[in-house]
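These are the residues of each chain, in order.
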Amino acid sequence: MELSFYVHIPYCVKRCGYCDFNTYTPAELQISDGLSQISNSYIDLVVAEIQQAKLSVGEATVPTIFFGGGTPSLMEPTDIAHVITEIKNSFKLSEDCEITLETNPDTVDKQKLAAFKNAGINRISIGMQSAVPHVLKTLDRTHNPQNLSQVTQWASEVGFKDISVDLIYGTPGESLADWQLSIDAALALPINHISAYALIVEEGTKLANAIKRGEIDNVDDDLTAEKYLLADQAFTAAGFNWYELSNWSKSGGQSNHNIAYWLNKNWWGVGPGAHSHLNGLRWWNVKHPNLYKTKILGNESPKLDQEILEPMQIESERLMLSIRLPSGISKDSLSIEQVKTLEPYLESGALDQHKWGAGSVSLSLTGRLIADRIVREILL
Ligand SMILES: C[S@@+](CC[C@H](N)C(=O)[O-])C[C@H]1O[C@@H](n2cnc3c(N)ncnc32)[C@H](O)[C@@H]1O
Ligand code: SF4
């Protein structure tokens, strides 16, 4: 059996104003000496959960490992190496095992990037978000946009072939020209993958509160849609093809880890709040790092709760995930009624005519803007 690993690193130096991920700052954890002491002791807990995974799963081949956060690049490279070695010793790494580290540009220099490479990391995903200072300010990001090209250059120089950047579009106050600048800046980097996400204003974040108080404008949905079209056009022209609604890559640059999620493969999520999926059983861990630590040190499973996926749920998720991919949904797997429901979308140009003729329900460029609406129509 194949089993991917997601390793959650729930720490950030500072919380960005838009982010509601399960991550904690020294201030929130009431740690006075910053995060420097955390790496080693946290990684011991991660290693213990991997041992629990081994006892539970037995033999498995690991095709991908993803260190996500939070800010995994805050960890010491020796600690990241320790985790990779533990997974390698407990399971079998596939020959071309993809091992990604999410990286905040403010947290690394060339030497640290080289050390991550030596530790076994072979793919770097860098949080760029925007190249425009006023947009980064609205997002309440700390990093200096100049660091970004420097860090990407270093990553390339120390030998990383697979480098990705994350972008956010639709930030209030971001004009089309601003977004074009960010696109151009990303495309000038030595990268082979781009994730571009529409900004989600998450309830309870600093950004959401500032919008509520009227200090920042709300997101303009029409402008955000225009930005998606602009991005797709520019990325495609530069040789980055979409392989999921929010992800573009050069040939061979796709993230196999993301693909494993979208195809509902098996993965074990290690760390506080991490989600796992194993043969139709899904579970998630306790959210807070302190409770997680108590569970692991007490030799208990950190699992908070679980669900067994019902056939209807599996089918709904299959539809929701596959519509986001260029291959789309096979028409043969749909009922006559579902196919009929989709016909108006074919007529309006939201579905790809050619692929429809070849038997699949695949979104056209304009259809990608209304993917959720289309899939809702055929949900059971
Ligand atoms: C959890 S972050 C990890 C990367 C790293 N911590 C960093 O920010 O540099 C993964 C990505 O999620 C995206 N993200 C987080 N919150 C978002 C939101 N509210 N709307 C859209 N994208 C978001 C950002 O693009 C971010 O790079
Ligand atoms: S966007 Fe990244 S750096 Fe910012 S708070 Fe979220 S996880 Fe941390």
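Preceding block: the structure.
Cut-offs used in this document
- Residues numbered from 1 in each chain as written.
- Chains lettered and ligands numbered in written order.
- Predicted model: local features only at pLDDT ≥ 70, side-chain atom pairs only at ≥ 80, totals over all residues.
- Heavy atoms only, no water.
- Helix = DSSP H or I, 4+ residues; strand = E, 2+ residues; numbered from the N terminus.
- Axes fitted to C-alpha atoms, helices over the stretch in contact; angles between N-to-C directions.
- Parallel < 35°, antiparallel > 145°, perpendicular 65-115°, else oblique.
- Contact = heavy atoms within 4.5 Å.
- Buried < 20%, exposed > 50% of the residue type's maximum accessible area, 1.4 Å probe, protein only.
- Arc of directions from axis to C-beta.
- Near = heavy atom within 4 Å.
- Polar contact = N/O pair within 3.5 Å; in protein donor to acceptor, adjacent residues only side chain to side chain.
- Areas by Shrake-Rupley, 256 points an atom, 1.4 Å probe, with all protein chains shown as cover.
- Nonpolar A, V, L, I, M, F, W, Y, C, P; charged D, E, K, R; others polar.

Just to check I follow, could you spell out unusual backbone geometry for this structure?
Backbone geometry follows two general trends: most residues other than glycine have a negative phi, and most peptide bonds adopt the trans configuration. The omega angle of the peptide bond from Gly69 to Gly70 is 10 degrees, so this bond is cis rather than trans. Relative to the assigned elements, Gly70 resides in the loop between strand S2 (61-69) and helix H3 (77-90). A positive phi angle is found at Asn299, which is not glycine, with a value near 60 degrees. Note that Asn299 resides in the loop between helix H11 (289-297) and strand S12 (303-308).

Quick question: what am I supposed to make of the packing of helix H2 (residues 38-57) against H3 here?
Packed helices, taken two at a time, are described by the angle their axes make and the gap between the axes. The contact between H2 and H3 brings their axes to 9 Å, and the two run at 10 degrees. One element, H2, and the other, H3, form an angle in the roughly parallel class. Every residue of H3 that contacts H2 at Ser39, Asn40, Ile43, Asp44, Val46, Val47, Ile50, Gln51 and Lys54 is listed here: Asp79, His82, Val83, Glu86, Ile87 and Ser90.

Would you mind going over helix H4 (residues 110-119) with me for this structure?
Buried within H4 we find Lys112, Leu113, Phe116 and Ala119. On an axial view of H4, the arc spanned by its buried residues comes to 115 degrees, and they lie on one face. Exposed residues lying more than 90 degrees from the buried face of H4 are Gln111 and Asn118. Residues of H4 that are buried in the fold lie against H3, strand S3 (92-103), strand S4 (123-129) and helix H6 (145-157).

Teacher, can you tell me more about the side chain of Thr205 here?
Along the chain, the position of Thr205 falls in the loop between strand S6 (193-198) and helix H8 (206-212). According to the relative accessible area criterion, Thr205 is buried, its value standing at 5%.

I would appreciate a short explanation of the site of ligand 1 in the present structure.
Within the structure, ligand 1 sits among 18 residues, and Gly70, Gln129, Arg141, Asp166 and Ile200 are positioned closest to it. The contact in question runs from a nitrogen atom of ligand 1 to an N or O atom on the backbone of Tyr18, over 3.2 Å. Between ligand 1 and the protein, one listed contact pairs an oxygen atom with a side-chain N or O atom of Gln129 at 2.7 Å. Surface burial for ligand 1 is 92%, taken as the share of its 570 Å² of free accessible area covered by protein chains. Of the residues in the shell around ligand 1, the class split is 7 nonpolar, 7 polar and 4 charged.

Quick question: what am I supposed to make of the site of ligand 2 here?
Lining the immediate environment of ligand 2, one finds Cys12, Lys14, Arg15, Cys16, Tyr18, Cys19, Gly70, Thr71, Asn104 and Arg141. Looking at the shell around ligand 2 residue by residue, the classes come out as 4 nonpolar, 3 polar and 3 charged.

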